[in-house]
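The primary structure of each chain is shown beneath.
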Amino acid sequence: HTWKTGQDQVAVMKRQLSTMLPGVSIFLDVDDLVEIGNLEGYIDQSACVVCFMSRGYFMSVNSMREVRAAVQTGKPIICVHEEDPSHGGMSFDELRMKCPKDLEHVFFREPPIPWLRVAAMQQASLAIIAEAMVRAISRSWLLMNRGKLAAAEASFREAIRLDPKHAKAHFYLG
């Protein structure tokens, strides 16, 4: 995000997502930034990156540093689009024209999530963002634990023998 046209929206987003996803750590520069020279380090420590696209976003050197670091490290990127011009929003076509050509695949592979301001609609935007974050966290966890999961699966197959005549699956959700 850019401070001028996205700071207030992203602060609301952080507060709401922290409530929706208890225990998840959400980095926001005004709350958590210690060293501007370490933006790439902050990206590297994150499971995913949420980009809030508003007027001036693609002209921000630091925003582009963050995106390029996310691309370089293979971090999932969740794109959110401010649509309201009175709050720094731009049309989808304007955003696309401002986007650096080498990053179009990042921002426009699929439509960005619209940031809506009417309370019920904003909750819908937040739910879509939260779902994308959970998917990214899950993918990140699976990648980090791929070897452990393969070993556990192999030992699980060895330990479990089912009688086909009486096979039933039981799940406990606690």
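A brief look at the structure comes next. (Residues numbered from 1 in each chain as written. Predicted model: local features only at pLDDT ≥ 70, side-chain atom pairs only at ≥ 80, totals over all residues. Heavy atoms only, no water.)

**A few points about the sheet that holds strand β2 (residues 77-82)**
The strands making up a sheet are joined through hydrogen bonds of the backbone, oriented either antiparallel or parallel.
Then, number 1: Within the open sheet, the three strands sit side by side as β1-β2-β3. Their pairing is parallel. A single partner strand is all that each edge strand has here, and the edge strands are β1 (49-53) and β3 (113-115). For this sheet, the mean angle separating the axes of adjacent strands, direction not counted, is 30°.
Then, number 2: In terms of strand pairing, β1 meets β2 through five bridges, oriented parallel. Each bridged residue has a counterpart across the sheet, and for F52 the counterpart in β2 is V80. (Pairing = 2+ DSSP bridges. Helix = DSSP H or I, 4+ residues; strand = E, 2+ residues; numbered from the N terminus. Axes fitted to C-alpha atoms, helices over the stretch in contact; angles between N-to-C directions.)

**A closer look at the layout of surface pockets**
Then, number 1: Counted as a void, the second largest pocket has a volume near 450 Å³.
Then, number 2: As for the second largest pocket, its lining consists of 19 residues, of which I77, I78, V106, R109 and E110 are closest to the centre.
Then, number 3: For the lining of the second largest pocket, the secondary structure elements donating two or more residues are β2, α6 (104-108) and α7 (119-144). (1 Å grid on protein atoms, 1.4 Å probe; cavity = no way out; pocket = protein on both sides within 12 Å on 5 of 7 lines; lining within 4 Å. Points joined across faces, edges and corners; volume = space filled by probe spheres on them.)

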